[in-house]
Amino acid sequence: MPGQAKVAAEALLTVAEMARADSAAIAAGTPGIALMEAAGRAAAVAIARRWRPCPVTVLCGPGNNGGDGYVIARWLERAGWPVSVASLIDRSHLAGDAAHHAAAWTGEIGRMGPASVAGAGLVVDAIFGAGLSRPVAGIAAATLEAAAAAGIPIVAVDVPSGVDGDNGRLRGQVSAAALTVTFFRRKPGHLLEPGRSMCGQVVVADIGIPAAVLDGIGPSAWANGPGLWGSARRRRGPGDHKYRFGHAVVVGGGRLTGAARLAGHAAARAGAGLVTVAAPDAALASYAAQPAALLLAAEAEIPALLADPRRNAWLLGPGGGAGAALRDQVLAVLAAGRGVVLDADALTVFAGRPADLFRAISGPAILTPHEGEFARLFPAQGERLTRARGAAATSGAVVVLKGTDTIVAAPDGRVAINENAPPWLATAGTGDVLAGLSVGLLAQGMPAFEAAAMAVWLHGAAATACGEGLIADDLPAAIPAILAAL
Ligand SMILES: NC(=O)C1=CN([C@@H]2O[C@H](COP(=O)(O)OP(=O)(O)OC[C@H]3O[C@@H](n4cnc5c(N)ncnc54)[C@H](OP(=O)(O)O)[C@@H]3O)[C@@H](O)[C@H]2O)[C@@H](O)CC1
Ligand SMILES: Nc1ncnc2c1ncn2[C@@H]1O[C@H](COP(=O)(O)OP(=O)(O)O)[C@@H](O)[C@H]1O
Ligand SMILES: [K+]
C-alpha cells in the first residue's frame, strides 16, 4: 500500500540463536533476572487477558523455564488469582535466575504430580522450554496428561514441554496447550508440525531485548510473509508494457490437460507478461478451453520457443506423464539456462538418478515436491526443516517442500516457513496452481527464493479467501484481490 511502512520480515530463532539474543541483551545491560521478570510478567498478562481469575496451578521445571513459572505465579497472585505452585525438584536445587525468582515466591511449593492439577481451572506448563534435552516422561508427562485428560486449559511458557523449538519435533509425551507465550521472536517449532498443533494460540512477548541484536545473529529462517519478499515483487507502472514482465512457458501433457491449464492460468494471474502453454498436437483441442488470454503452442514448437531467450521461465511436470521424453525436455530447458519450475512428473522422472538433475541445475530453479515426490529424489529420514535445507543445498535449487507447513528452502540455507494454508487446499490440482504461480513470478524476474515464497503465500491467502469447498479452479481468479491488498 503506498506510503505504508514496510513490515520487517519476521525472523524465527533457533534455540541457540535465542540464547545468543539473551546473552547480547545481558551484555548490553539488561540483567538475566530482569529478562526473566519481563518474560513471566508478560505471560501473566497474556493469561489475565484471556481467562477470568480461577484456581491456577503453575508447574515449574528445573531450569529457567521453571524460573519464568515462579514469576507468573507471583504476578497472577498479585492480580487476585488463587495460585498453587508445583515443582519437579526441590527449590534448593535451582540455580541462577530461576533460584532468584523461586526465592521471591512466598507461597508454598508442592511436589509435582497428577494430584497437583486436581481442581485447577488453568494449568501453566513452565516445565521445559528451550533447554529440552531428552524425551519428556515420568512425573512431568503424567501431570500434564492429567490436566489434558481433565479438560483443563494449559498455557505453555515458551513452548509446550516436549516440543523441540528448532524443528517442531515432539520428544516424548506432549500435551497440547491452548496458549503459548514465547519471548522476543517465535521459534521454527511454533510453525512446523507437529509442534505447531501443540501450541494453540502463540503470543510473542517483548521482554526488552533490542531488535538490533538480530544484526549480530543473522537469522536464516523467517515466517513467510510480505516482509520477506515484498520489496522483490514487480509492480507495473504507467509506462510499462507486457514484455517487461516476462514470458512464462508451461509444458503440458497429452492426457491430464487440466494440470497445465490450471498452472498457465495461475502464471498469468501472478502477473507474467505473457504465458504460453505448449502441448502435444492430439491434446490441443482440450487446451483450447483455457482462458483466452493464454497463448497455445504445439509440442513441435518447443525447440524454437526454447531458442528464444524472451521465453525466460519454464514450468514442466504438471500432467506431464513420467517418461524419458519429459526427462529430456527438462534437461534441454536447464541446458538453455532458462528459469525453471519443476513439479510432479518432472521430479518423478529423475527417481533413481537424481544426480542427473542436480548436475544440470545452474540457474534459477524451483522444485515443488510433496513428501512423496521428495522421497524419490532426496533422503527421506529426519525432520522436514533439515531435509528441505539439505535438499536445496544438494540440488542447487530452491526446494518447496509442500504440506500444511510448507517450507521454502534456498541453497544458501535461507528458509521461509508458511503458515497461511488452510486445510481445504488438500484437493486435487492445487499443487499445479502453486507451480503456475511460481513460474509466473519467476518470469517477472523475481529471484527464485522470493518468487517461491511469494507464490506459496499467495496460494494460501487465495485459498483462505475462497473458503471451504474450494476447488483448484477457484484459486487463480482469487489472486487479483490478494495482490490488490498487498
Ligand atoms: N536465558 C534467559 O535469559 C531467559 C530465558 N527464559 C526462559 O528460559 C528457558 C530456557 O531455560 P533453560 O535453558 O534453563 O532450559 P529449560 O527449558 O528450563 O530446561 C532445562 C532443564 O530441564 C532439564 N530437562 C530438559 N529436558 C528434560 C526432560 N525431558 N526430562 C527431564 N529433565 C529435562 C535439564 O536437565 P539437563 O539436560 O541439564 O540434565 C535442565 O535442568 C526458556 O525456554 C525461557 O522460558 C526466559 O526467562 C527469558 C530470559
Ligand atoms: N492439510 C493441508 N493444509 C494446508 N495445505 C495443504 C494441506 N495438504 C496439502 N496442502 C497444499 O495443497 C497443495 C497440494 O499439492 P499437490 O500435493 O502437488 O497436489 P496436486 O498434485 O493434486 O496439485 C500443496 O500446495 C500443499 O502444500
Ligand atoms: K514449557
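Conventions adopted
Residues numbered from 1 in each chain as written. Chains lettered and ligands numbered in written order. Predicted model: local features only at pLDDT ≥ 70, side-chain atom pairs only at ≥ 80, totals over all residues. Heavy atoms only, no water. Helix = DSSP H or I, 4+ residues; strand = E, 2+ residues; numbered from the N terminus. Contact = heavy atoms within 4.5 Å. Near = heavy atom within 4 Å. Polar contact = N/O pair within 3.5 Å; in protein donor to acceptor, adjacent residues only side chain to side chain. Areas by Shrake-Rupley, 256 points an atom, 1.4 Å probe, with all protein chains shown as cover. 1 Å grid on protein atoms, 1.4 Å probe; cavity = no way out; pocket = protein on both sides within 12 Å on 5 of 7 lines; lining within 4 Å. Sits in = over half its atoms within 2 Å of the grid points. Nonpolar A, V, L, I, M, F, W, Y, C, P; charged D, E, K, R; others polar. Core = buried A, V, L, I, M, F, W, Y, C linked by side-chain atoms within 4.5 Å. Buried < 20%, exposed > 50% of the residue type's maximum accessible area, 1.4 Å probe, protein only. Expected span 1.5 Å × (residues − 1). UniProt positions renumbered as here; feature names shortened; annotations may be inferred. Donors = N, O, S within 2.8 Å, 3.2 Å for Na, K, Ca; no water. pLDDT = per-residue confidence, 0-100. Pairing = 2+ DSSP bridges. Axes fitted to C-alpha atoms, helices over the stretch in contact; angles between N-to-C directions. Points joined across faces, edges and corners; volume = space filled by probe spheres on them. Phe/Tyr/Trp six-rings, centres within 6.5 Å; stacked < 30°, edge-to-face > 60°. Lys NZ or Arg CZ within 6 Å of the ring centre and 35° of its normal.

*Asks:* Residues and numbers for the environment of T182, please.
*Replies:* Here T182 shows up in strand β7 (residues 179-183). Expressed as a C-alpha distance, the spacing of T182 and A130, which sit 52 residues apart in the sequence, is 10 Å. Beyond its immediate chain neighbours, meaning those up to four positions away, T182 contacts D158, K187, H190, V202, V203, V204 and A205.

*Asks:* Could you give an account of the site of ligand 1, naming the residues involved and the relevant values?
*Replies:* Taken together, 21 residues surround ligand 1, and among them D68, G129, S133, R134 and D158 come closest. Contacts to ligand 1 include N64, whose backbone N or O atom sits 2.8 Å from an oxygen atom. Backbone polar atom of R134 to a nitrogen atom of ligand 1: 2.6 Å apart, as the coordinates give it. Here ligand 1 has 940 Å² of accessible area as a free molecule, and 74% of this is covered by the chains. Assessed atom by atom at 2 Å from the grid points, ligand 1 resides in the largest pocket. If you list the elements that add at least two residues to the shell around ligand 1, you get α2 (32-50) and α3 (64-78). When grouped by side-chain class, the residues that make up the shell around ligand 1 number eleven nonpolar, six polar and four charged.

*Asks:* Could you give me a rundown of the nonpolar core, with the residues and numbers involved?
*Replies:* Membership of the largest hydrophobic core comes to 60 residues, with the highest contact counts inside it found for W229, I366, V408, L437, L441, M454 and L458. When residues in this core are grouped by element, the largest group, 13 residues, is from helix α19 (residues 448-466). If near-sequence neighbours (up to four positions away) are discounted, L458 is found in contact with L437, L441, I479, I482, L483 and L486. Judged by nonpolar contacts, the second largest core, of 44 residues, contains L13, A39, V85 and W105.

*Asks:* Tell me about the site of ligand 2, residues and numbers included.
*Replies:* Near ligand 2 lie 17 residues; those nearest to it are K402, G403, G429, T430 and G431. A distance of 3.0 Å separates an oxygen atom of ligand 2 from a polar atom in the backbone of G403. Taking G431, its main chain carries an N or O atom lying 2.7 Å from an oxygen atom of ligand 2. A total of 580 Å² of accessible area belongs to ligand 2 in isolation, and the protein chains cover 77% of it. The element best represented in the shell around ligand 2 is helix α18 (residues 430-443), accounting for four residues.

*Asks:* A description of α19 should follow, citing residues and the corresponding values.
*Replies:* The end-to-end C-alpha distance of α19 is 27 Å, a good match for the 27 Å that 19 residues give at a rise of 1.5 Å each. The buried fraction of α19 is high, at 16 of 19 residues. Positive phi shows up at G467, right after α19, with a value of about 85°.

*Asks:* If you had to explain the UniProt feature "domain: YjeF C-terminal" (unreviewed entry) in the protein chain to someone new, which residues and values would you point to?
*Replies:* The positions that UniProt labels "domain: YjeF C-terminal" (unreviewed entry) are, in the present scheme, residues 225-486. Overall, residues 225-486 shows 44% helix and 14% strand. The separation of its end C-alpha atoms is 10 Å.

*Asks:* Provide a residue-level description of the UniProt feature "binding site: AMP" (unreviewed entry) in the protein chain, including the pertinent values.
*Replies:* As recorded in UniProt, the sites labelled "binding site: AMP" (unreviewed entry) are K402, G403, T404, D405, T406 and G431. A compact arrangement is adopted by the annotated residues: their sequence extent is 30 residues, whereas the largest C-alpha distance between any two is 14.1 Å. Structurally, G403 can be placed in the loop between β16 (398-401) and β17 (407-409). For T406, the position within the fold is in the loop between β16 and β17. Those residues in contact with T406 that lie beyond four places of it in its chain are R384, V400, L401, A416, I417, N418 and V456.

*Asks:* Run through the coordination of the potassium ion (ligand 3), naming residues and quoting values.
*Replies:* For a metal with four donors in a tetrahedral arrangement, the ideal angle between donors is 109.5 degrees, while six donors in an octahedron ideally sit at 90 or 180 degrees. For the potassium ion (ligand 3), the full set of protein donor atoms is N65 (OD1), D125 (O), F128 (O), V157 (O) and V159 (O), and the range of their distances to it is 2.6 to 3.0 Å. In the primary structure, the donors to the potassium ion (ligand 3) are separated according to the pattern N-x59-D-x2-F-x28-V-x1-V. This pair shows no difference in class: V157 is buried, exactly as V159 is.

*Asks:* Help me get a handle on the confidence of the model for the protein chain, residues and values and all.
*Replies:* Per-residue pLDDT for the protein chain averages 95, and the proportion of residues at 70 or more is 98%. Confidence drops under a pLDDT of 50 for residues 1-7, and excluding neighbours within four residues, the segment shows four contacts in the predicted structure.

*Asks:* Outline the sheet that holds strand β4 (residues 110-111), supporting the account with residue identities and numerical values.
*Replies:* Across a sheet, strands are paired by hydrogen bonds formed along the backbone, either parallel or antiparallel in direction. Pairing is parallel in the open sheet, where seven strands are placed in the order β4-β3-β2-β5-β6-β7-β8. In this open sheet, the two strands that pair with only one neighbour each are β4 and β8 (201-205). Bridge analysis of strand β3 (residues 83-87) against β4 gives two bridges, and the strand direction is parallel. Each residue of the ladder has a partner; that of A86, found in β4, is G110. Lying on the sheet, helix α5 (residues 138-149) is in contact with β2 (56-60), β5 (122-126) and β6 (154-157); it crosses β6 at an angle near 145°.

*Asks:* Could you give an account of empty space enclosed by the protein, naming the residues involved and the relevant values?
*Replies:* Counted by the stated rule, this structure contains one cavity of 30 Å³ or more. Its volume calculated, the largest cavity comes out at about 30 Å³. Taken together, L334, G337, R338, S362, G363 and P364 make up the lining of the largest cavity.

*Asks:* Could you give an account of the packing of aromatic side chains, naming the residues involved and the relevant values?
*Replies:* Both the distance between ring centres and the angle between the ring planes are used here to describe each pair of aromatic rings. Under the defined criterion, the tally for this structure stands at three aromatic pairs. Both rings, one in F358 and one in F378, keep their centres 5.3 Å apart while their planes meet at 10°; by these two values the pair is stacked. With F358 in helix α15 (residues 354-360) and F378 in the loop between α16 (371-377) and α17 (384-395), the pair connects residues that are 20 residues apart, well separated along the chain. For the pair F358 and F378, one class covers both residues: buried. Note on F374 and F378: the rings are 4.9 Å apart at their centroids and 40° apart in plane angle, and the pair reads as tilted. In this pair, the class of F374 matches that of F378, namely buried. Counting every residue linked through ring pairs, the aromatic cluster contains F358, F374 and F378. The cationic tip of R185 hangs over the ring face of F184; the distance from NZ or CZ to the ring centre is 4.6 Å. Note that R236 overlies the ring of F245, its terminal NZ or CZ placed 4.1 Å from the centroid.

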